[in-house]
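Coordinate analysis (summary)
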Amino acid sequence: MVSVKAGKPPKKGSLKNSKPLAPKAAKTKHEKKKKKTKNDNKETKTDENSKNGLVQPASASEQLSFFLNQFQSANDIQLSSLELESIKESCFLELSKSLDQDIKTLGNHMQESFGPSWKEVLSEKQLVEGKIDPGCPAVLIISTSALRSIELLRGLRSLTTECHAAKLFSKHMKVEEQVSLLKNRVNIASGTPSRIKKLIDIEALGISRLALIVLDMHVDVKGYSLFTLPQVRDEFWELYKTYFDQRLLEGNLQVCLYGPIPDGNVLKGKRRKNQ
């Protein structure tokens, strides 16, 4: 990753109106029992969510740590403190915690993430001269396979009825066919790393309007994901380093890890605490 001038770090809260902490009084038996009941209810709720398969979105901090760890591991490097500081939590999109995180809710997450302008950005089909060029999506979804790309697009049907999403993978899709489709307006595209890179290489797919990359965290039946399937993983990082890294560092692009992040996600390396 290339070091750039660090922008203002995202606000973590304010201490302006905070009050000094008073010494803690000893808890009565009633208070201890009440606290225990509250914790028991919390644990029960967590267990119910786990049984129902609900997936809560990872925080920006969790996404950042995971992403940096994977970058260092896949590229067999140890980033310096300066390089680690150059990528901020604000580079990662934190999704709404009021929604589950699966295929069915992907469209709702995207709509909420783009706010009041979601329809203009994600659904309209007209090209706008000097503003929206052909083949330049606002959202790019990257996954391990053609089948998974199609599955994710099903969750976006409500947004792509007028302006169809672009399918950017090699299975049953010729490059020439995709080049032709990319001559129209594209708001959302979904595909695999190798084909996406090829289409950017030949200037059929543009990234000037790209605001968000959604990285699919789905684990297949063999236990592989975008970050662990050897060839696909290497192709993804080659794509990222070539076309996305600098845009992310400059604040022109955000990344969203969509799906559960593995446990034990602690950043390897040193970052200054005042970031």
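As recorded by an unreviewed UniProt entry, the chain carries the name Protein CMSS1 and is attributed to Acer negundo.

A few words now on the overall build of the chain. Scanning the chain from N- to C-terminus turns up 9 helices and 5 strands. Order of helices (α) and strands (β) in the chain, N terminus to C terminus: α-α-α-α-α-β-α-β-α-β-α-β-α-β. Buried positions account for 41% of the 275 residues belonging to the chain. Nonlocal contacts in the chain, meaning residues at least 24 apart in sequence, comprise 77% of its contacts between residues at least 6 apart. A total accessible area of about 16700 Å² is found for the chain, and carbon and sulfur atoms account for 51% of it.

The next point concerns the layout of surface pockets. Considering only enclosed or pocket space, the largest pocket measures out at about 230 Å³ in volume. Around the largest pocket sit K125, E162, C163, H164, A165, A166, K167, M173, L181, N184, R185 and V186, which together line it. Considering only residue class, the lining of the largest pocket consists of 6 nonpolar, 2 polar and 4 charged.

Attention now moves to the packing of aromatic side chains. Overall, the coordinates contain 11 aromatic pairs when judged by the stated rule. Plain terms: the ring middles of F67 and Y240 are 5.3 Å apart, the flat faces sit at 75 degrees to each other, and that makes the pair edge-to-face. With F67 in helix α2 (residues 60–75) and Y240 in helix α9 (residues 230–249), this pair connects stretches of sequence that are 173 residues apart. Accessibility expressed as a relative area gives 0% for F67, which makes it buried. Residue Y240 is classed as buried on the basis of its relative accessible area of 1%. Ring geometry for F227 against F236: centres 5.7 Å apart, planes inclined by 75 degrees, an arrangement best described as edge-to-face.

Moving on: the sheet that holds strand β2 (residues 166–168). Pairing in this open sheet of 5 strands is parallel, and the strands run β2-β3-β1-β4-β5 from one edge to the other. Edge positions in the sheet fall to β2 and β5 (254–258), since each of these pairs with one other strand and no more. On average, adjacent strands in this sheet sit at an angle of 20 degrees to one another, irrespective of strand direction. α9 rests against β1 (139–142), β4 (212–216) and β5 of the sheet, and its axis sits at about 150 degrees to β1.

Turning to unusual backbone geometry, a few remarks are in order. Phi is positive for H172, which is not a glycine, with a value near 60 degrees. Within the secondary structure, H172 sits in the loop between β2 and α7 (175–181). At E203, a position not held by glycine, the phi torsion is positive, near 65 degrees. Summarising the element assignment, E203 is placed in the loop between α8 (193–201) and β4.

Relative to the helices and strands, R148 resides in helix α6 (residues 146–154). Overall, R148 belongs to the buried group, its relative accessible area being 12%. Look past the residues within four positions of R148 in its chain and what remains in contact with it is I103, S143, D216 and H218.

This brings us to α9. Because an α-helix completes one turn every 3.6 residues, residues spaced three or four positions apart along the sequence face the same direction. At K241, α9 shows its largest kink, close to 50 degrees. Taken residue by residue, α9 has V232, F236, W237, L239, Y240, F244, D245, R247, L248 and L249 as its buried positions. Elements in contact with the buried residues of α9: α2, β1, α8, β4 and β5. Of the residues trailing α9, G251 is marked for its positive phi of about 85 degrees.

All right, on to the pairing of strand β3 (residues 188–191) then. Here β3 shows two buried faces, one formed by I188 and S190 and the other by A189 and G191. The pairing of β1 with β3 spans 4 bridges and is parallel. When the bridges of β3 are listed, I142 appears paired with G191. Examined bridge by bridge, β2 and β3 share 3 bridges and lie parallel to one another. Pairing of A166 across the sheet is with A189, part of β3.

Turning our eyes to something else, we now look at the pattern of salt bridges. Under the criterion given, the structure shown has 5 salt bridges. Ionic pairing is found between E120 and K131, a salt bridge with its closest N-O pair at 3.3 Å. You can see E120 sitting in helix α5 (residues 118–122) and its partner K131 sitting in the loop between α5 and β1, a full 11 residues away along the chain. Relative accessible area serves as the criterion here: at 38%, E120 is assigned to the partly exposed category. Between E151 and R148 there is a salt bridge whose closest N-O contact spans 3.3 Å. With E151 and R148 both in helix α6, this residue pair falls 3 residues apart, about one helical turn.

The rules behind the values
- Residues numbered from 1 in each chain as written.
- Predicted model: local features only at pLDDT ≥ 70, side-chain atom pairs only at ≥ 80, totals over all residues.
- Heavy atoms only, no water.
- Helix = DSSP H or I, 4+ residues; strand = E, 2+ residues; numbered from the N terminus.
- Buried < 20%, exposed > 50% of the residue type's maximum accessible area, 1.4 Å probe, protein only.
- Contact = heavy atoms within 4.5 Å.
- Areas by Shrake-Rupley, 256 points an atom, 1.4 Å probe, with all protein chains shown as cover.
- 1 Å grid on protein atoms, 1.4 Å probe; cavity = no way out; pocket = protein on both sides within 12 Å on 5 of 7 lines; lining within 4 Å.
- Points joined across faces, edges and corners; volume = space filled by probe spheres on them.
- Nonpolar A, V, L, I, M, F, W, Y, C, P; charged D, E, K, R; others polar.
- Phe/Tyr/Trp six-rings, centres within 6.5 Å; stacked < 30°, edge-to-face > 60°.
- Pairing = 2+ DSSP bridges.
- Axes fitted to C-alpha atoms, helices over the stretch in contact; angles between N-to-C directions.
- Bend = angle between axes of the 7 residues up to and from the residue.
- Salt bridge = Lys/Arg side-chain N within 4 Å of Asp/Glu carboxyl O.

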